[in-house]
Number of protein chains: 2
Amino acid sequence: MAPASNSIVPVSGISREIRLAEQPTGTSGESLFEIVESPVPEPGEGQLLIRNAYFSVDPYMRPRIGDARAYVAPYTLGEVMSGGAVGRVAVSHNGRFSEGDWVLHLRGWREWALSDGTFVWKVDPTVAPVPAFLGVLGIPGFTAYYGLYEIGRPRSGEVVFVSGASGAVGNAAGQMAKILGCRVIGCAGSPEKVEWLRELGFDGVFDYREQPAMEALAELAPDGLDLYFDNVGGEQLEAALGALRNHGRIVACGSMSRYEDHEPVAPRNLFMVVTKRLRMEGFLISDHIDLFPEYLARASRWVADGRLQHRETVIDGIESAPHAFVGALRGESIGKMVVRVGDEG
Amino acid sequence: MAPASNSIVPVSGISREIRLAEQPTGTSGESLFEIVESPVPEPGEGQLLIRNAYFSVDPYMRPRIGDARAYVAPYTLGEVMSGGAVGRVAVSHNGRFSEGDWVLHLRGWREWALSDGTFVWKVDPTVAPVPAFLGVLGIPGFTAYYGLYEIGRPRSGEVVFVSGASGAVGNAAGQMAKILGCRVIGCAGSPEKVEWLRELGFDGVFDYREQPAMEALAELAPDGLDLYFDNVGGEQLEAALGALRNHGRIVACGSMSRYEDHEPVAPRNLFMVVTKRLRMEGFLISDHIDLFPEYLARASRWVADGRLQHRETVIDGIESAPHAFVGALRGESIGKMVVRVGDEG
């Protein structure tokens, strides 16, 4: 049965999707993936069929690909890469959704997605352009929010440092810390990224490829940090441990510095957790996904009133996804890297 | 004016005390200290004069001696080493204390101590032998209690690993985890120490000089750890990070592995704080000292009913303190290392 909606008719009865084809042995290459054609699936009772418009490629996916030191559920060879995607409901046999609804879901790198409605959320495309629901209004924004508000709990006037600050999570974390009245320092890996952080209102910025983090923090936060939102681990974490004030906190959100199987840089000053009475706490947003709708409502207001800005790097065509993913890992994008696979209809 | 109490008369009007004489440049030697004679001080209004019976030498004192990476307040050259001591009130011009009272205080390595009553607590020598108030019924026991109950918060049935478990803090932490109904694993650095941990009721023990921690934990806690009480840092911390289960906790209490200016071993798997959603939190007991009397009351009951055992290594004579301190740093003591400087009269 072909999808019934007028505006969302498949070009053919074929859905292209991207599967994990091999385990990486070193630096990730595009050959990890294969593009496969399969019939557009037919929704059964309670199910819905979604025509994707965009899906997300994220650095955090890297350690889930064949990493013995497994991160959450690892990806399985031969399966479609899961992850955030936005699209429109083409056929609904589920009372919660109507044909034509825009939805965010987690079924990933494919043109057509079948779902039973679990982890599918309606989104309002009048609030922001659709790709934003993969970034600031999606799981990355929610990750920043949860980490900052629930783990870090900064107070107005505190000094917050965000690494990987031009990434989807990092820029949101920095902007939210500004909303809370903090003084925010961010680092990123190119002059263009650093310039964007300035535009977003970060109080201090530096390019970690140009200046050692320890030196930059001494200049930008001479009285020390209260909170470090860590997206990268390694050298930045060591510098932050050195710069944190007594009773400081570290939100352990990611460790991008080791995602490409580099030998991780281990902080030599971890004993400062004792001497400075620090708290370092990790979290995975998948544990808290039931709180996402609450975040979406709150963040939508911030986006509407201009307090929370967003930026996406859009790559065209499902066949470009492996290239986009490798680019995201290499830090080639600013803001959220997304792949366009359909019309915004 | 000579002290008035009948039973506590100074042999002479001279009080010997131990001062920090030089900054260490490498491994600590006894030459760091000098023994100095000075007149027994005369208490003024509101003050009391205490005749010490024992004082404490502790590994944590090491990083406070001329450590650029300062730990709490560093010791100052030429000053008497502060720290736990027990003795009797010889003269009191302070309404809270009477002559003859046994007290615990923090005025350290000296025969006679003058105090205004701050950080002085009455102790009951019928509960336990006096040296125990420098160990399980003193600040080390309180450190174990605060770290375990307030930072670690284990529940009955959880698996707890304690490093430096034969030390004053470590053995108390392990025993208290047993009181809470946990399964407790401890490591120490000699067959005799490990045997003592067995006697204390630890469920699993190993000698870290004989077996790598990672291997031992895999054997003793095949299903992983819920909580790690860290007294040493370094290799044990790395092994614990590997062995902790999701949502595990690390009580960052000390980092003895680096106290002697060794290049600290940095855990290469710190990213697991993210993937396993760990919480690692440091504390210094000096921040919480107002809660000590509450601890003392509770722990006294545990000691009285035999649930909390204790052991002290007693070294005789104030002139032996530098030697005792170096021995404590080298792990030569079992339980609490104390120096006897007066009668128990």
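Residues numbered from 1 in each chain as written. Chains lettered and ligands numbered in written order. Predicted model: local features only at pLDDT ≥ 70, side-chain atom pairs only at ≥ 80, totals over all residues. Heavy atoms only, no water.

**Q** I'd love a proper account of the overall build of chain A, names of residues and values included.
**A** Along chain A, the regular secondary structure elements total 8 helices and 15 strands. On C-alpha atoms alone, chain A measures out to a radius of gyration of 20 Å, which is about the 20 Å that the 2.2 N^0.38 rule sets for 345 residues. Across its three principal directions, the C-alpha atoms of chain A cover 65 × 45 × 35 Å. Put simply, chain A has 345 residues, and 62% of those count as buried. Long-range pairs, those at least 24 residues apart, make up 69% of the contacts in chain A between residues at least 6 apart in sequence. Surface exposure of chain A reaches about 13300 Å², of which carbon and sulfur atoms provide 48%. (Helix = DSSP H or I, 4+ residues; strand = E, 2+ residues; numbered from the N terminus. Rg over C-alpha atoms; globule rule 2.2 N^0.38 Å. Buried < 20%, exposed > 50% of the residue type's maximum accessible area, 1.4 Å probe, protein only. Contact = heavy atoms within 4.5 Å. Areas by Shrake-Rupley, 256 points an atom, 1.4 Å probe, with all protein chains shown as cover.)

**Q** Help me get a handle on the interface of chain B and chain A, residues and values and all.
**A** Taken together, the 29 residues of chain B in the interface contact 29 residues of chain A. Summed over both partners, the interface of chain B with chain A comes to about 2500 Å²; 70% of that surface belongs to carbon and sulfur atoms. The three residues of chain B that bury the most area against chain A are Phe271, Val274 and Arg277 of chain B, which together make up 24% of that side's buried surface. Linking chain B to chain A there are 2 salt bridges. (Buried area = accessible area lost by both parts, 1.4 Å probe. Salt bridge = Lys/Arg side-chain N within 4 Å of Asp/Glu carboxyl O.)

**Q** Hey, could you go over the pairing of strand E5 (residues 102-105) of chain B for me, with residue numbers and the actual values?
**A** Residues and elements named next belong to chain B. What you see with E5 is no split at all: Trp102 and Leu104 on one side and Val103 and His105 on the other are buried throughout. The pairing of strand E4 (residues 85-92) with E5 spans 4 bridges and is antiparallel. Across the sheet, residue Val86 finds its bridge partner in E5, namely Leu104. In terms of strand pairing, E5 meets strand E7 (residues 120-122) through 3 bridges, oriented antiparallel. By the bridge assignment for E7, His105 is matched with Val120. (Pairing = 2+ DSSP bridges.)

**Q** Could you give me a rundown of unusual backbone geometry, with the residues and numbers involved?
**A** Residue Phe119 of chain A is not a glycine yet carries a positive backbone phi of 55°. Tracing the sequence through the fold places Phe119 of chain A in the loop between strand E6 (112-115) and strand E7 (120-122). Even without being glycine, Arg153 of chain B reaches a positive phi, approximately 50°. Structurally, the position occupied by Arg153 of chain B is in the loop between helix H1 (139-152) and strand E8 (159-162).

**Q** An account of the relation of the copies chain B and chain A is needed here, citing residue identities and associated values.
**A** Applying a rotation about an axis and a shift along it to one chain copy brings it onto the other copy. It takes a turn of 180° to lay chain B on chain A, together with a shift of 0.0 Å along the axis; the resulting RMSD is 0.0 Å. Accordingly, the operation relating the two chain copies is best matched by a two-fold axis. A share of 100% of interface residues in chain B that are also interface residues in chain A marks the association as one of identical surfaces. (Least-squares fit on C-alpha atoms with pLDDT ≥ 70 in both.)

**Q** Which residues make up the packing of H1 of chain B against helix H7 (residues 292-304) of chain B, and what are the values?
**A** Residues and elements named next belong to chain B. Where H1 contacts H7, the axes come no closer than 10 Å and their chain directions differ by 100°. Considering the angle they form, H1 stands roughly perpendicular to H7. Residues Ile139, Gly141, Phe142, Tyr145 and Tyr149 of H1 form the contact with H7, whose participating residues are Phe292, Tyr295, Arg298 and Trp302. Looking at the contact of H1 with H7, its residues break down into 7 nonpolar, 1 polar and 1 charged. (Axes fitted to C-alpha atoms, helices over the stretch in contact; angles between N-to-C directions. Parallel < 35°, antiparallel > 145°, perpendicular 65-115°, else oblique. Nonpolar A, V, L, I, M, F, W, Y, C, P; charged D, E, K, R; others polar.)

**Q** Would you mind going over the sheet that holds strand E13 (residues 279-282) of chain A in detail, with residue names and values included?
**A** With mixed pairing, 12 strands are arranged side by side in an open sheet as E10(A)-E9(A)-E8(A)-E11(A)-E12(A)-E13(A)-E13(B)-E12(B)-E11(B)-E8(B)-E9(B)-E10(B). Of all strands in the sheet, those with a lone pairing partner are strand E10 (204-207) of chain A together with strand E10 (204-207) of chain B, marking the two edges. Put simply, the sheet's adjacent strands are angled 15° from each other on average, direction ignored. As paired strands, strand E11 (residues 225-230) of chain A and strand E12 (residues 244-252) of chain A are joined by 5 bridges and run parallel to one another. Its bridge partner lying in E12 of chain A, Asp230 of chain A is registered against Ala252 of chain A. Lying over the sheet, helix H5 (residues 234-243) of chain A contacts strand E8 (159-162), strand E9 (183-188), E10, E11, E12 and E13 of chain A, oriented at roughly 150° with respect to E12 of chain A. Its contacts with the sheet place helix H2 (residues 168-179) of chain B against E8, strand E9 (183-188) and strand E11 (225-230) of chain B, and it is angled at close to 170° to E8 of chain B.

**Q** Mind laying out the confidence of the model for chain A, listing which residues take part and the relevant values?
**A** All names here are of chain A. The pLDDT averaged across chain A works out to 91; a share of 92% of its residues lies at or above 70. Every residue in residues 1-7 scores below 50 in pLDDT, and together they form 14 contacts with partners more than four places removed in sequence or on other chains. Interface confidence for the predicted complex, given as ipTM, is 0.91, next to a pTM of 0.92. (pLDDT = per-residue confidence, 0-100.)

**Q** Talk me through the domain arrangement of chain A; I want residue IDs and the actual numbers.
**A** The assigned domain composition of chain A is domain 1 (14-135 + 311-340) and domain 2 (139-286). Using only C-alpha atoms to locate each centre, domain 1 of chain A and domain 2 of chain A end up separated by 28 Å. (Domains from an automatic or database assignment.)

**Q** So what about the pattern of salt bridges? Which residues, and what values?
**A** A full pass over the atoms with the stated rule returns 32 salt bridges over all chains. Between Arg340 of chain A and Asp316 of chain A there is a salt bridge; the shortest N-O distance is 2.9 Å. Of the two residues, Arg340 of chain A sits in strand E15 (residues 336-340) while Asp316 of chain A sits in strand E14 (residues 312-316), which places them 24 residues apart along the sequence. Looking at Asp316 of chain A, the relative accessible area reads 48%, which means it is partly exposed. We note a salt bridge from Glu158 of chain B to Arg249 of chain B, for which the minimum N-O separation is 2.9 Å. You can see Glu158 of chain B sitting in the loop between H1 and E8 and its partner Arg249 of chain B sitting in strand E12 (residues 244-252), a full 91 residues away along the chain. Considered together, Glu158 of chain B and Arg249 of chain B belong to a single accessibility category, that of buried residues.

**Q** Describe the pairing of E8 of chain B, naming the residues involved and giving the relevant values.
**A** Residues and elements named next belong to chain B. Judged by which residues are buried, E8 turns out to be covered on both faces: Val159 and Phe161 on one side and Val160 and Val162 on the other are all buried. Relative to E9, E8 is paired through 4 bridges, and the arrangement is parallel. Looking at E9, one finds that Val162 is bridged to Gly186. Taking the sense of rotation as the criterion, the β-α-β connection linking E8, H2 and E9 turns out right-handed. Relative to E11, E8 runs parallel, the two being bridged by 3 bridges. The residue bridging Phe161 from the neighbouring strand is Tyr228, located in E11. (Right-handed = clockwise from strand over helix to strand, strands pointing away.)

**Q** Break down the nonpolar core for me, with residues and values.
**A** Residue and element names in this part refer to chain B. Membership of the largest hydrophobic core comes to 56 residues, with the highest contact counts inside it found for Met176, Phe229 and Tyr295. Sorting elements by how many residues they give to this core places H1 first, with 8 residues. Looking at this core, you find at least three residues from each of domain 1 (14-134 + 311-340) and domain 2 (139-286). With residues near it in sequence (within four places) discarded, Tyr295 still touches Val136, Leu137, Gly138, Gly141, Phe142, Tyr145, Met176 and Leu308. (Core = buried A, V, L, I, M, F, W, Y, C linked by side-chain atoms within 4.5 Å.)

**Q** If you had to explain helix H3 (residues 191-199) of chain A to someone new, which residues and values would you point to?
**A** Residues and elements named next belong to chain A. All of the buried residues in H3 are Lys193, Val194, Trp196 and Leu197. Axial view of H3: buried residues confined to an arc of 155°, hence all on one face. Away from its buried face by more than 90 degrees, H3 exposes Pro191, Glu192 and Glu199. Elements in contact with the buried residues of H3: helix H2 (168-179), E9 and E10. (Arc of directions from axis to C-beta.)

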